[in-house]
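# Summary of structural features
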Amino acid sequence: MDIEVTRTYLQLARPEDLSPARANDARVRIDRVAECPASFGRYLYGEVGRLYHWIDRLSWTDDQIRAHYARPEITLWVMYSEGAPAGYFELERHEDGSIEIAYFGLLPEYIGRGWGKYLLTEAVRAAWSLEPARVWLHTCTLDHPAALPNYVQRGFRPVREEVYAAEV
């Protein structure tokens, strides 16, 4: 079945535009993953995206996943709660000097704790530490209903929208 989906692109033009949020939970930490095993990359993508129709990478082979994370313009960060993966974000540097928060989200068990606000704050801080021209991301109407409000509350501003059909 095809449904109409609206994709919204948002950006932060300056680091000081960030309205940060805290985790307020000592059990939470975020680590950069230096070398991502294919199985772990597949797990993060599959579990975080399972409820939101993330399908682009489901058919990737182990070699494709390893090659993706080996690219110098990609960085992967994982949020842990007491040692268990709780969410992640992936940053991608583009030729125009921007950094995209290309993938971002929490595993289903960790939604509703307010941790998405903190994870986004740390994604933005990690992105700005790479000294980009701007930080941007996109979301769509298939994402969690709190996604777009979280982005706007952290200081992102919509810059354009597009509508497309998706088979679900």
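Let me begin by describing the structure that accompanies this report.

Definitions and cut-offs
- Residues numbered from 1 in each chain as written.
- Predicted model: local features only at pLDDT ≥ 70, side-chain atom pairs only at ≥ 80, totals over all residues.
- Heavy atoms only, no water.
- Salt bridge = Lys/Arg side-chain N within 4 Å of Asp/Glu carboxyl O.
- Helix = DSSP H or I, 4+ residues; strand = E, 2+ residues; numbered from the N terminus.
- Buried < 20%, exposed > 50% of the residue type's maximum accessible area, 1.4 Å probe, protein only.
- Expected span 1.5 Å × (residues − 1).
- Contact = heavy atoms within 4.5 Å.
- Axes fitted to C-alpha atoms, helices over the stretch in contact; angles between N-to-C directions.
- Parallel < 35°, antiparallel > 145°, perpendicular 65-115°, else oblique.
- Nonpolar A, V, L, I, M, F, W, Y, C, P; charged D, E, K, R; others polar.
- Pairing = 2+ DSSP bridges.

### With respect to the pattern of salt bridges
One pass over the structure, following the stated rule, counts 15 salt bridges. We note a salt bridge from R42 to D62, for which the minimum N-O separation is 2.8 Å. In this pair, R42 sits in helix α1 (residues 38-49) while D62 sits in helix α2 (residues 62-70), placing the two residues 20 residues apart along the sequence. For D62, a relative accessible area of 36% puts it in the partly exposed group. Here D96 ties to R134 by a salt bridge, and the two come within 3.6 Å at their closest N and O atoms. Remark: R134 occurs in the loop between α3 (115-128) and β6 (135-140) and D96 occurs in the loop between β4 (84-93) and β5 (99-106); sequence separation between them is 38 residues. The exposure class assigned to R134 is partly exposed, which follows from its relative accessible area of 25%. A single salt-bridge network, built from bridges that share partners, covers R7, R160 and E162.

### Concerning α1
Since one α-helical turn is 3.6 residues long, residues separated by three or four positions face the same way. The end-to-end C-alpha separation of α1 is 16 Å, in line with the 16 Å expected for 12 residues at 1.5 Å each. Buried residues of α1: A38, F40, G41, L44, Y45, V48 and G49, and no others. Those residues of α1 that are buried are in contact with α2, β3 (74-81), β4 and β5.

### Overview of the packing of α1 against α2
Remark: α1 packs on α2, axes separated minimally by 9 Å, with the N-to-C direction vectors making an angle of 90°. When the axis of α1 is compared with that of α2, the two are roughly perpendicular. On the side of α1, the interface is formed by A38, G41 and R42, while α2 contributes D62, I65, R66 and Y69. Of the residues that constitute the contact of α1 with α2, the class distribution is 3 nonpolar, 1 polar and 3 charged.

### What to know about the sheet that holds strand β2 (residues 28-33)
Across the sheet, 7 strands lie side by side as β2-β3-β4-β5-β6-β1-β7; this open sheet has mixed pairing. Across the chains shown, the open sheet's two edge strands, defined by having one partner strand only, are β2 and β7 (157-167). Mean inter-strand twist for the sheet, computed between neighbouring axes without regard to direction, equals 25°. Pairing of β5 with β6, which is carried by 2 bridges, proceeds in the parallel orientation. Each residue of the ladder has a partner; that of E100, found in β6, is W136.

By themselves, these figures tell us nothing about what the structure is for.
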